Amino acid sequence: LEPKVRETLPAFAERLIRKRQIKRPCAIAGLSFGGVVALEVARQLANAPYPLFLLSSLRWPGQLPWYFRLGRYLPLYRHLPATSSGDHLLSRWFFQITAAEREAFKKVMEQSDHRFTRWAIDALLHWRADEPYPSTIGIHGTADRILPSVEHAQHLIRGAGHWMIRQEARQVSDIMMRYLHHHT
């Protein structure tokens, strides 16, 4: 779903619900910024979906790291290149990409919609929520450098970074499956 110019996260989530016809009961999962979108979707549904998985994500804006909050006042992200191979030192450091993962990461970055990425960063920086969402299942890597906030996570994956969904796929999947089996 392509975001509209200056569209807020709640407005985007509302359009997503209508477009995808999301209804209760359902499980929702979101990875990174997708977790924030999943939270906004959950807020708008009549009853919270169960379970609501946040993978390498946040429960509320107060968990944004200082370097993201700085972007509200110094919006350098608006000058990101239109395309990126992701094959530069900063990307590899933030995402903790190993030499073996470099080609897969480059492919993901090359296929990314960079207009969406710019919108997502802006939406995240201006995201408003009065309090953390009450019922989430957080799965987070202890070495995440992009969104290092782990205090919401019930499940910490030691040494995993922001790309833990790929690096520790089996462990993430096992955790999620335990909850899904419990709710079915």
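What counts as what
Residues numbered from 1 in each chain as written. Predicted model: local features only at pLDDT ≥ 70, side-chain atom pairs only at ≥ 80, totals over all residues. Heavy atoms only, no water. Helix = DSSP H or I, 4+ residues; strand = E, 2+ residues; numbered from the N terminus. Buried < 20%, exposed > 50% of the residue type's maximum accessible area, 1.4 Å probe, protein only. Contact = heavy atoms within 4.5 Å. Areas by Shrake-Rupley, 256 points an atom, 1.4 Å probe, with all protein chains shown as cover. Axes fitted to C-alpha atoms, helices over the stretch in contact; angles between N-to-C directions. Parallel < 35°, antiparallel > 145°, perpendicular 65-115°, else oblique. Nonpolar A, V, L, I, M, F, W, Y, C, P; charged D, E, K, R; others polar. Pairing = 2+ DSSP bridges.

A.B. asks: Help me understand the overall build of the chain, please; the structure alone is not making it clear to me.
C.D. replies: Counting its regular elements, the chain contains eight helices and four strands. Each helix and strand of the chain, placed in order from N terminus to C terminus, yields the pattern α-β-α-β-α-α-α-α-β-β-α-α. By principal-axis analysis of the C-alpha atoms, the chain measures approximately 45 × 35 × 30 Å. The proportion of buried residues among the 184 residues of the chain is 43%. Restricting to contacts in the chain with at least 6 residues of sequence separation, those with at least 24 account for 66%. For the chain, the accessible surface area stands at approximately 10,500 Å², while carbon and sulfur atoms represent 56% of it.

A.B. asks: Where do I start with the packing of helix H1 (residues 9-20) against helix H2 (residues 33-44) in this structure?
C.D. replies: A pair of packed helices can be characterised by two numbers: the angle between their axes and the separation between those axes. At a closest axis distance of 9 Å, the pairing of H1 and H2 adopts a crossing angle of 75°. Classified by the angle their axes make, H1 and H2 are roughly perpendicular. On H2, the residues touching Leu9, Pro10, Phe12, Ala13, Glu14, Leu16 and Ile17 of H1 are Phe33, Val36, Val37, Glu40, Val41 and Gln44. Of the residues assigned to the contact of H1 with H2, the class counts are ten nonpolar, one polar and two charged.

A.B. asks: Honestly, the sheet that holds strand E4 (residues 155-157) in this entry has me stumped. Any pointers?
C.D. replies: Within a sheet, each strand pairs with its neighbour through backbone hydrogen bonds, oriented either parallel or antiparallel. Spatially, four strands are ordered E1-E2-E3-E4 in an open sheet, and the strand pairing comes out parallel. If you trace the sheet from one side to the other, it starts and ends with strand E1 (28-31) and E4, each paired once. Ignoring strand direction, the axes of neighbouring strands in this sheet form an average angle of 15°. Bridging between E1 and strand E2 (residues 52-55) involves four bridges; their strand directions are parallel. Bridging across to E2, Gly30 finds its partner in Leu54. Helix-sheet contacts for H2 involve E1 and E2, and the interaxial angle to E1 is about 150°.

A.B. asks: How do you make sense of unusual backbone geometry when you look at a structure like this?
C.D. replies: Note on backbone geometry: most residues besides glycine have negative phi, and most peptide bonds are trans. Although it is not a glycine, Gln21 sits at a positive phi angle of roughly 50°. Within the secondary structure layout, Gln21 lies in the loop between H1 and E1. Notably, Ser56 is not glycine yet its phi reads approximately 50°, a positive angle. Among the secondary structure elements, Ser56 is positioned in the loop between E2 and helix H3 (66-69).

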